[in-house]
Amino acid sequence: LQKRLPLQDGEDVSALTRTPADPELAQMIEKAPGTVIADTMKCFQKIDECDMSVFDLEKSTGSALSVCTYAILYKLDLINRLELDDVKLRTFLAAVQAGYHPNPYHNSVHAADVSQINYFIMTKGGLIDKCKLSQEEVLAGILAGSIHDYDHPGYNNNFHTRTNAYLSTLYNDRSILENHHLACIFEMLRLPRYNIFSHMKEEQYREIRDTMVEMVLSTDMGLHGKIFSQFRRRLGECPEWHERKDDIRLALSMSIKMADISNCGRPKHLYLEWAKNIATEFYNQGDVEQKLCIPISPFMDRRKDKQEFPKGQISFMNFIVVPMFEAISEFLPPVECSLQHTTENKEYWQQQE
Ligand code: 8BR
Ligand code: ZN
């Protein structure tokens, strides 16, 4: 795959999923079907669908996040149009990927998953058209998905507050982790070798940074009620979504928020993998809370897995996921496929009870 990048001027990203012209590569694929390149190409064929498996992409590349983000940016022709330096971009994406911890759930594969579905919502879902997004907003939207949990330690905001962790003091208990993800990324971007924005005009850079900051901060589930009710109010008022910057940013925030919990709306075999991973991370936090002699957070006590986890998922879907997906489907009808998968996944847990 590396040999096929960067794509040539005017070359579409679908070139990545065609048999390559390079005889050496073509021979490699022919000799060993099921190898890195063939498997990666198979994954990329689903990049525009809501049933793409980032687990498979990770299996074939070992770097689903950077590869997927790069392919999306190429497919949108943003590297060309915004004149992004190819080497810097790849260096930056590799560093972003490397900064994710090998947590059971909040890892680089989760970031790839969020990035891909966020791209789906923006493109096939219709957000780019509905909000008449600028190229800068699209770039910011895609990057926000990829960086949104950077350096996540595997313990949630509440844990940081309750243990008086350093980050809770630094960010005054306000969206601790979300502030941290962003601050780390923009600190990294100060270094010339990563600074993919260095050639841009000041206002262009401000637009991208402001959009990324707004989107990543909106992924704090502690703010869900506030952001979601604002979105529902504007949906009821039927605004022209492209006219006000506030509305555009609100719509982009809803896109990344939906993407962040979109595993509930993926086909069952993918959703169950994510559910297992989030349970493992919850129980790791519960174990540490027990060691610290502080109350174990709800749904984080591994001894109660059987009776609590299915109930937790059903409530999460009933109170958070389904209302959010319903509202967004009203706004962007093509994303309704996620709602259907959520209903099936919820039924799975109801049958287990
Ligand atoms: P973050 O990914 O930003 O942490 O936000 C999602 C939060 O929703 C999780 O941390 C978790 O508390 C909750 N959640 C639950 Br409960 N089930 C989830 C699921 N299946 N997928 C994603 N989030 C889930
Ligand atoms: Zn996340």
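Residues numbered from 1 in each chain as written. Chains lettered and ligands numbered in written order. Predicted model: local features only at pLDDT ≥ 70, side-chain atom pairs only at ≥ 80, totals over all residues. Heavy atoms only, no water.

A. A look at helix H4 (residues 64-75). The end-to-end C-alpha distance of H4, which contains twelve residues, comes to 16 Å, matching closely the 16 Å that a straight helix rising 1.5 Å per residue would cover. Among the twelve residues that make up H4, eleven are buried, leaving the element largely enclosed by the rest of the structure. Taken as a whole, H4 has its buried residues at Ala64, Leu65, Ser66, Val67, Cys68, Thr69, Tyr70, Ala71, Ile72, Leu73 and Tyr74. One or two steps after H4, the chain reaches Asp77, where phi turns positive at roughly 60 degrees. (Helix = DSSP H or I, 4+ residues; strand = E, 2+ residues; numbered from the N terminus. Expected span 1.5 Å × (residues − 1). Buried < 20%, exposed > 50% of the residue type's maximum accessible area, 1.4 Å probe, protein only.)

B. Broad picture of the coordination of the zinc ion (ligand 2). In the first shell of the zinc ion (ligand 2), the protein supplies His110 (NE2), His148 (NE2), Asp149 (OD) and Asp260 (OD), at 2.1 to 2.2 Å from the metal. Classification of the site at the zinc ion (ligand 2) rests on its four donor atoms, whose angles at the metal span 83 to 169 degrees, yielding the label irregular. When the donor residues of the zinc ion (ligand 2) are listed from N- to C-terminus, their spacing reads H-x37-H-D-x110-D. Pair noted here: His110 is in helix H7 (residues 108-122) and Asp149 is in the loop between helix H9 (135-147) and helix H10 (157-162), with a separation of 39 residues, a long-range link. Residue class for His110 comes out buried when judged on its relative accessible area of 1%. Assessed through its relative accessible area of 6%, Asp149 is described here as buried. (Donors = N, O, S within 2.8 Å, 3.2 Å for Na, K, Ca; no water. Tetrahedral: all angles 85-135°; square planar, octahedral: opposite > 155°, others 65-115°.)

C. Quick look at the nonpolar core. With 101 residues, the main nonpolar core has Phe92, Leu127, Leu139, Phe197, Phe231 and Phe331 as its most contacted residues. Here the element with the most residues in this core is helix H17 (residues 305-331); it accounts for eleven residues. (Core = buried A, V, L, I, M, F, W, Y, C linked by side-chain atoms within 4.5 Å.)

D. Looking closely at H9. Between its terminal C-alpha atoms H9 stretches 18 Å, which fits the 18 Å expected from 13 residues at 1.5 Å a residue. Taken across its 13 residues, H9 has twelve buried, putting it largely inside the fold. Buried residues of H9: Glu136, Glu137, Val138, Leu139, Ala140, Gly141, Ile142, Leu143, Ala144, Gly145, Ser146 and Ile147, and no others.

E. Summary view of the packing of aromatic side chains. All told, the structure shown has eleven aromatic pairs when counted by the stated rule. Each ring, one from Phe231 and one from Trp241, has its centre 5.6 Å from the other, and the planes form 45 degrees; the classification is tilted. Of the two residues, Phe231 sits in helix H14 (residues 224-237) while Trp241 sits in the loop between H14 and helix H15 (245-260), which places them ten residues apart along the sequence. For the pair shown, Phe231 and Trp241 are each scored as buried. Residues Phe309 and Trp349 carry aromatic rings whose centres are separated by 5.5 Å and whose planes lie at 80 degrees to one another, so their mutual orientation is edge-to-face. Placement of the pair is Phe309 in helix H17 and Trp349 in helix H18 (residues 336-352), with a sequence separation of 40 residues. Accessibility expressed as a relative area gives 8% for Phe309, which makes it buried. Aromatic ring contacts, followed pair by pair, group Phe55, Tyr105 and Trp274 into a single cluster. Geometry around Phe186 places Arg209 over its ring, the cationic atom sitting 4.6 Å from the centre. (Phe/Tyr/Trp six-rings, centres within 6.5 Å; stacked < 30°, edge-to-face > 60°. Lys NZ or Arg CZ within 6 Å of the ring centre and 35° of its normal.)

F. Region of the structure containing the site of ligand 1. Within the structure, ligand 1 sits among Tyr105, His106, Thr219, Met221, Asp260, Ile261, Asn263, Cys264, Ile278, Phe282, Gln313 and Phe316. Separating an oxygen atom of ligand 1 from a side-chain N or O atom of Asp260 is a distance of 2.9 Å. At 2.9 Å from a nitrogen atom of ligand 1 is found a side-chain nitrogen or oxygen belonging to Asn263. Within the complex, the protein chains bury 83% of what would otherwise be the 490 Å² of accessible surface of ligand 1. Partitioned by chemical class, the residues of the shell around ligand 1 number seven nonpolar, four polar and one charged. (Near = heavy atom within 4 Å. Polar contact = N/O pair within 3.5 Å; in protein donor to acceptor, adjacent residues only side chain to side chain. Areas by Shrake-Rupley, 256 points an atom, 1.4 Å probe, with all protein chains shown as cover. Nonpolar A, V, L, I, M, F, W, Y, C, P; charged D, E, K, R; others polar.)

G. Structural context of the state of the cysteines. Taken as a whole, this structure holds zero disulfides when the rule is applied. Considering cysteine sulfurs only, Cys68 is the nearest to Cys43, which forms no disulfide, with 9.5 Å between them. Among the residues examined, Cys43 registers a relative accessible area of 10% and is labelled buried. (Disulfide = S-S within 2.5 Å.)

H. Quick peek at the packing of H4 against H7. One way to put it is that H4 packs onto H7 with a least axis distance of 8 Å and a crossing angle of 20 degrees. Classified by the angle their axes make, H4 and H7 are roughly parallel. Note on packing geometry: the crossing formed by H4 with H7 is left-handed. Side by side, H4 and H7 meet where Ala64, Leu65, Cys68, Thr69, Ile72 and Lys75 of the first sit next to Ser108, Ala111, Ala112, Ser115, Gln116 and Tyr119 of the second. (Axes fitted to C-alpha atoms, helices over the stretch in contact; angles between N-to-C directions. Parallel < 35°, antiparallel > 145°, perpendicular 65-115°, else oblique. Left-handed = near helix turned anticlockwise from the far one by under 90°. Contact = heavy atoms within 4.5 Å.)

I. A look at unusual backbone geometry. One non-glycine residue, Ser175, lies in positive phi territory at about 40 degrees. Mapped onto the fold, Ser175 is located in the loop between helix H11 (166-170) and helix H12 (176-188). Overall, Ser175 belongs to the buried group, its relative accessible area being 13%. The backbone of Cys238 sits at a positive phi, close to 50 degrees, despite the residue not being glycine. Along the chain, Cys238 falls in the loop between H14 and H15. Residue classification places Cys238 among the exposed positions, given a relative accessible area of 65%.

J. Representation of the packing of H17 against H18 within the structure. At their nearest, the axes of H17 and H18 sit 10 Å apart, and the two run at 165 degrees to each other. In terms of axis orientation, H17 runs roughly antiparallel to H18. Considering how the two elements wind past one another, H17 and H18 form a crossing that is left-handed. For the pair H17 and H18, contact is made by Phe309, Pro310, Gln313, Ile314, Met317, Asn318, Val321, Val322, Phe325, Glu326 and Ser329 and by Glu336, Ser338, Leu339, Thr342, Asn345, Lys346, Trp349 and Gln350, respectively.

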